[in-house]
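# Descriptive analysis of the structure
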Amino acid sequence: MSASLPPTVLAGVPPPAVAPSAFAAPLHAPTLEAALPGVLVETVVSTGSTNVDLLARTRAAAPARPILRAALTQTAGRGRFGRKWLTAPGSALLFSVALPLAQARARSAAVTLVCGVAVAEVLRDAGVPVQLKWPNDVLLAGRKLAGILTELAVDPRGARTLVVGVGVNLWFDEATVAAIGRPVATLDECLAREHLAQSREAWIARLARAMLAAVPDFVAHGFAPFQPRFNRLFAYAGQQIELVEHGMVVAQGEAQGVDADGHLMLATAAGARAFGVGELSLRPRAA
Ligand code: ATP
C-alpha cells in the first residue's frame, strides 16, 4: 500500500462504478504509522465519534505526543453545537487528531480556521477546487465536502490538548443525502472512486500532517500568516451574507474576508464590523 497520492482529477467525468464494498476494508494502521512518524496511530472500524473518544482520553491525561484516531464509520458523528455529522459506513475519511499544546493561544477559535486552511490546501494541491466557508466548512462547488470540529481538552493538571475532527465525504448514498437534507459534495465528483478506495490512508496522512504542521505554526506566530491563505480560499468574498446565531439573523452585509485575528469582516449598512466565531454561522443571502 502506498502513501502517495496520484493527483488524478477527472472533473466532469462520471465516476466509474466502484461499489461501496470497495470501501469496506478496515483502514491499514501500518501505512498510516509509516506516513506519520512520531504520531500514535489508532484505527477502528466503528465508533461513536473519534473526537469524543480522544476528548475523553485527553481530558483524563494529556498525551505526550500527537494521536491520530481514524474510523471507517461513526455512529454519532458531530458538527458544531451538537449538530449531527452523517455518513454511511466507509463513505468518508473520518479521523481526529489530538495535539498536546504548550501555549494558551491555541484556545483561540481561529485555530478552526487554521485547520480549514490546512485541509483545503491539501485538497487543492491534489486538484480539488475547494473553498472555505467561515468558520469551519470546506466547500466544493458551494456544497459542503468536509467539516472540521476543533475542541479543547484540559486534563486535571491543567495540560491542554487540541482535538480536531475531520470528515471528508468520499461518496454518498441516497439515504444519507436525504437525511442531511441540504446540498452536499463528495470527493468522487473530482477523483476516481477507484483511486479513493486505494488511497484512504494516504489522504488521511496528508490531511493530518498538514494540520500537525499548521497548528504549531499558529501557536507560534498567531493567525496573521494564515489570513491571506484563508482569504484566498474564502468562498463568499464580496457576496451578501448573513450571520445567524441560535436561528436569528444578527448581522448582514457584504463579506470581506477575515482580519488578522480570523474575525469575519462584514461591510454592513451601519459600517464595517468584525465578528469572532462564537456561535455564529454564515449563510449566503438569497439574491
Ligand atoms: P456552520 O456554518 O455553523 O458551520 P453548519 O450547519 O454547516 O453550520 P456544522 O456544525 O459545521 O454546521 O455541520 C453540521 C451540519 O452539516 C449538519 O447540521 C448537516 O446539515 C450537515 N451535514 C451532516 N453530515 C454531513 C455530511 N456528511 N456532509 C456534508 N454536510 C453534512
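Quantities reported herein were computed from a predicted structural model and do not represent experimental measurements. (Residues numbered from 1 in each chain as written. Predicted model: local features only at pLDDT ≥ 70, side-chain atom pairs only at ≥ 80, totals over all residues. Heavy atoms only, no water.)

## A look at the domain arrangement of the chain
- The domain architecture assigned to the chain consists of domain 1 (20-229) and domain 2 (236-284).
- Taking only C-alpha atoms, the centre of domain 1 and the centre of domain 2 are 25 Å apart.
- At the interface, 13 residues of domain 1 touch 18 residues of domain 2.
- The contact between domain 1 and domain 2 buries some 1300 Å² in all, and 61% of this surface belongs to carbon and sulfur atoms.
- For the domain 1 face of the interface with domain 2, the top three residues by lost area are K133, W134 and Q227, together amounting to 48%.
- One can count zero salt bridges joining domain 1 with domain 2.
- Across the domain 1-domain 2 interface, the total number found is four residue pairs in polar contact (both at pLDDT 80 or more). (Domains from an automatic or database assignment. Contact = heavy atoms within 4.5 Å. Buried area = accessible area lost by both parts, 1.4 Å probe. Salt bridge = Lys/Arg side-chain N within 4 Å of Asp/Glu carboxyl O. Polar contact = N/O pair within 3.5 Å; in protein donor to acceptor, adjacent residues only side chain to side chain.)

## Considering the sheet that holds strand β9 (residues 248-258)
- Strand order in the open sheet formed by five strands is β11-β10-β9-β8-β12, with antiparallel pairing between adjacent strands. If you trace the sheet from one side to the other, it starts and ends with β11 (271-275) and β12 (281-284), each paired once. Across this sheet, the average inter-strand angle for adjacent strands is 45°, counted without regard to direction.
- With four bridges joining them, β9 and strand β10 (residues 264-268) adopt antiparallel strand pairing. For G257, the partnering residue across the bridge sits in β10 and is M265. (Pairing = 2+ DSSP bridges. Helix = DSSP H or I, 4+ residues; strand = E, 2+ residues; numbered from the N terminus. Axes fitted to C-alpha atoms, helices over the stretch in contact; angles between N-to-C directions.)

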